[in-house]
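Topology and contacts: notes
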Amino acid sequence: MGPRDLTSGVTASGRRMSEQWAASVTGGRPRVVGGERPASVRKRLVAAFALSVVTLVAVAAVAVALAVRFQECGGGDEEEEAGGPPGTDRPSGGRGERVSAAEEEEPWRRSRLPDAVRPRHYDLNVAVHMDNFTFSGDVGIDVECLKATRFIVLHADRLEVSSVAVTAKRPGGGAVRVQRHFAFPANQMLVLVLHRELRASRTYRLDVTFEAAIEDELLGFFRSSYGLGGQRRYLAVTQFSPTHARKAFPCFDEPAFKATFSLSLRHHARYTSLSNMPALEDAAGEDAAGEDGWTTRRFARTPPMSTYYLAWAVCDFASRETSTEGGVTIRLLARPDAIASGAGDYALHITKRLLAFYQDFFKVAYALPKLDLLAVPKHPYAAMENWGLSVFVEQKILLDAQVSSASYQMELTMVVVHEICHQWFGDLVTPLWWEDVWLKEGFAHYFEYVGTDFLFPKWNMEKQRFLTDVLHEVMLLDGLSSSHPISQEVRDAADIDRVFDWIAYKKGAALIRMLANVMGQRLFRKGLNDYLLSHMYGNAARDDLWKKLSEAMRSEGRDIDVGAVMDRWTLQMGYPVVTISKNPAGQLATRYISVSQEHFLYGQDGGRGNSSFQWQVPLTVAVGNGSRVSSETLIWIHNKTESHVMSEMDDKTWLLGNINQTGYFRVNYDLQNWKLLIEQLHADPQVISVANRAGLIDDAFNLARAGYLPQGVPLQLMAYLPEEASFLPWHAASRALYQLDKLLDRTDDYNLFSDYVLKQVATRYHQMGWPSNAVNGEGGVLQAAYQTEELQRELIMLACSFGNKQCHRQAVAYISDWISSNKNRIPPNIRDVVYCTGVSLMDEDVWEFIWMKFHSSNAVSEKKILLEALTCSDNAFLLNRLLNLSLTSELVAEQDAIDVIIHVGRNPRGRNLAWRFFRDKWDVLDARYGEALFMNSKLISGVTEFLNTEKELDELKEFIRSSGEGAGPAMPRALEIVKGNVRWHRLHRRHLYQWLRKGPVRRSPPGDVSLAA
Ligand SMILES: [Zn+2]
């Protein structure tokens, strides 16, 4: 499942390429203002940090206790003896609350369901009235009594329950009289009080009839619509994750209560219907339309599964289908016009390949006979991985190859790869409880890169793009004191929404990748295979995974307790900075190195993280010397400080840590070693791998920002960029530069900085030039050497946004040509940059022209970049007009309004406007987006991340005091970031400008490289 946010880019199913791409998609904002601050272009590109700031839940408590709990409760096997599905966990798994006497007497007062009974099977019949948007149903649930009890407590929310009955399921068992039943809305529960106790080890049948409205909100069973041939057509579809199945039928709505489901749907015959399983084809499967025009569809019984993965839909969509060699039918269903245009063919094609890929990788067959991909116009997430019926918002699955950019296609691809992975990590093996949601989201996010590499090996995503888009990104968030452990305590429903954040997705993926590299691919796969086989159709907690991975290691004589290692990484927030020093203070022989670890934190000025935090760090180290680098050595760091022997060292050799950046930590060195590394980059960068070049840039920049390194180090290091021909280091550099830009753009000496950037960019920019305007044909992007295109795009973006004159002229020429010929000949991959540059440099007529195009465009991706381009104007009147339109006009979709405000804030001319608008309209914004945590966080960070003066800090504090206290974790986090900005200015800005005045030193001997400014 993806975070809750429809706006493309910062969405995605686990943000695939997401943010950074979204970031890059934001385009540059060039501006030539009569000679003054020619480069004060902005930086809507500033994205990097912006992105980072999305969501983040500050839960301080380190839940060490959780591990213990899992050992106590997880993975019980008693159920199997009782005839349950293999690998099923006890329903009580993962809970550790103390139960008070009152709660024992009235178990519905607890936030979790009691464990006295558990469901085995549901017979669910639902009649769907599309004319008045209501539904009615009855459900018969076979429940097994585990402990004698007089209560049956299950979930129901917003349902009108009309009757309940309980019968014993054995010959002559008869009815169990229900004394009373009632709703307990505080916990969304339905309670049955019985006349006598149910007896342990017996099975009973619970029957409930109910009815409800088809929701307008995108939760539970909800409706949606689309236009076709001037008509409005409706569909109704479910979204049960995480806790909304209870809005569609009474059920035991916790992930460990797996059961089988037999569903039948009744609806008017003008619609078709779908569910997780295929419709039964025998005579019983589908009744011909009766005289009333209604039909009934019965679906095959599901395997045991969690309620939140159940799904159904009633719609009049068309479909395309294909099938795998193993006979699994794959269908893509969408609006008839989208199907006719072939917009779904791409996703259908890659899904077929992905099923084969995952089956081979996991050595576990796809479990169901079919997989439907349903493209809906509106959905609260990018996509939802319901087993056998995955639902996608249209923008994340329909592709028009004629107008889509490579980044759009890549993003869409990764959403599909993510959701298909969930068919195993999620649907087949489900996290026991929400505190370990990263067990499914981290895997699906990691496999976005692995699976995409399978589809397009040349993209090299896992070794490259993963670094900037996942690792670097999440280390920004996790380096704040307002971060939280990846496994976090979840007590009630309100906590559950919060756990779907970037820490779960990105840190989860980064930790899994670190582990895969430490173990080696073969053992890692073996461990995953055992894990899936042991827990299929059941639930698992993180300790279950650690156990299987440890066993895999042990099978080859490597005795590593994976759980003991990983608990440090999952139960503690943050990550370490590892400092490597060569021959410290001359006390040891030259072949010794000293290695130390400490908790990395921004805004603490080096060395004041939580001193009690310690990690078991798998540090890889290599030794290099001019033209060659040694093979890597793995060193496990257990203590705060350790000494280790390294061979092949002398005064001229440098040390490099975290080879290929497979580890989730930063590496710092003594200054002499930094100098040697920088000289190496200037002299011959190829000796150091692409991944490490990007890693050195990111580490140096962030270490300096946090006060661990002099400000000159990253700038001197980045001065090797004219020698850099690969995309990834450039991408890492531009992320870092845009962040600096955001801090500096209103300072007096800003030109020193922009000149520095333009100087790094110029050579490579002129060498690469601009792309030809050939439109990508069928599969064009797929075949393209995407790294070259992306590098070209990155350079154009940097050049135009920092004020390269030639870049500006080219962009203006493109826009002029478009206006005069009414033909858009701008290459799709750089349209956003060109539009934004044009709007910022040219007159009001261009703004009107883009506004008009925004109205008339139908392509989703094009519409988005046109809207964002409008925020690039220098004209305060136009920006204000746009801000107001964003909240009042039907033309701007609700989910796009936030992007408008954020992008106005990224424009230096719009910052104050956006910040003021945000405060003035807070009541409206909070009412509209307050519940959607991802959007809410994105908005708050988007309008505050650039604040960096004492005055602005005071304004923010005042705002939080007066209005923002209820806004959740995003406010404290914004405050921490702005405080960090202010502190950076106070302590470091002067040093940075001092260094820039002297300028970088190129290819010079170490004595001349002044790092300390
Ligand atoms: Zn997911």
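Computed from a predicted structure; not experimentally measured. (Residues numbered from 1 in each chain as written. Predicted model: local features only at pLDDT ≥ 70, side-chain atom pairs only at ≥ 80, totals over all residues. Heavy atoms only, no water.)

Turning our eyes to something else, we now look at the overall build of the protein chain. Regarding its fold elements, the protein chain presents 33 helices and 29 strands. Counting only carbon and sulfur atoms, one obtains 48% of the accessible surface of the protein chain, whose full area is about 33,700 Å². (Helix = DSSP H or I, 4+ residues; strand = E, 2+ residues; numbered from the N terminus. Areas by Shrake-Rupley, 256 points an atom, 1.4 Å probe, with all protein chains shown as cover.)

This brings us to the packing of helix H17 (residues 690–705) against helix H19 (residues 727–744). Remark: H17 packs on H19, axes separated minimally by 7 Å, with the N-to-C direction vectors making an angle of 15°. It follows from the interaxial angle that H17 and H19 lie roughly parallel. Note that H17 runs across H19; the crossing there is left-handed. In contact with Val690, Ala691, Arg693, Ala694, Ile697, Phe701 and Arg705 of H17, H19 contributes Leu728, Pro729, Ala732, Ala733, Ala736, Gln739, Leu740 and Leu743. Looking at the contact of H17 with H19, its residues break down into twelve nonpolar, one polar and two charged. (Axes fitted to C-alpha atoms, helices over the stretch in contact; angles between N-to-C directions. Parallel < 35°, antiparallel > 145°, perpendicular 65-115°, else oblique. Left-handed = near helix turned anticlockwise from the far one by under 90°. Contact = heavy atoms within 4.5 Å. Nonpolar A, V, L, I, M, F, W, Y, C, P; charged D, E, K, R; others polar.)

Further remarks concern unusual backbone geometry. In this structure, Pro242 follows Ser241 across a cis peptide bond, with omega equal to -5°. Of note, Pro242 is situated in the loop between strand S10 (231–239) and strand S11 (260–268). Not every positive phi belongs to a glycine, and Ser201 is a case in point at roughly 70°. One can find Ser201 in the loop between strand S7 (189–198) and strand S8 (203–213). Judged by its relative accessible area of 65%, Ser201 falls in the exposed class. (Buried < 20%, exposed > 50% of the residue type's maximum accessible area, 1.4 Å probe, protein only.)

Here we come to the environment of His599. Take His599: it is sitting in strand S23 (residues 592–599). As a C-alpha pair, His599 and Gln614 span 15 residues in sequence and 7.4 Å in three-dimensional space.

Attention shifts here to the packing of aromatic side chains. Taken as a whole and assessed by the stated rule, the structure comprises 61 aromatic pairs. Each ring, one from Phe357 and one from Phe361, has its centre 5.7 Å from the other, and the planes form 55°; the classification is tilted. In this pair, Phe357 and Phe361 are both assigned in helix H7 (residues 345–362), four residues apart and thus about one turn of the helix distant. An identical accessibility class is assigned to Phe357 and Phe361; each is buried. Ring centres 5.8 Å apart and planes at 55° place the aromatic pair Phe362 and Trp424 in the tilted group. (Phe/Tyr/Trp six-rings, centres within 6.5 Å; stacked < 30°, edge-to-face > 60°.)

The next thing to look at is helix H9 (residues 438–455). Taking 1.5 Å per residue, 18 residues should reach 26 Å; H9 reaches 24 Å between its end C-alpha atoms and fits that length. At Glu448, H9 shows its maximal kink, close to 30°. With 17 of its 18 residues buried, H9 lies for the most part within the structure. (Expected span 1.5 Å × (residues − 1). Bend = angle between axes of the 7 residues up to and from the residue.)

Before going further, it helps to examine the confidence of the model for the protein chain. Looking at the protein chain, pLDDT values average 86 and 84% of them are 70 or higher. When the criterion is pLDDT under 50, residues 4–96 qualifies, and its contacts beyond four places in sequence or with other chains add up to 375 contacts. Note that residues 775–783 has pLDDT below 50 and, in this model, 14 contacts with residues that lie over four places away or in other chains. (pLDDT = per-residue confidence, 0-100.)

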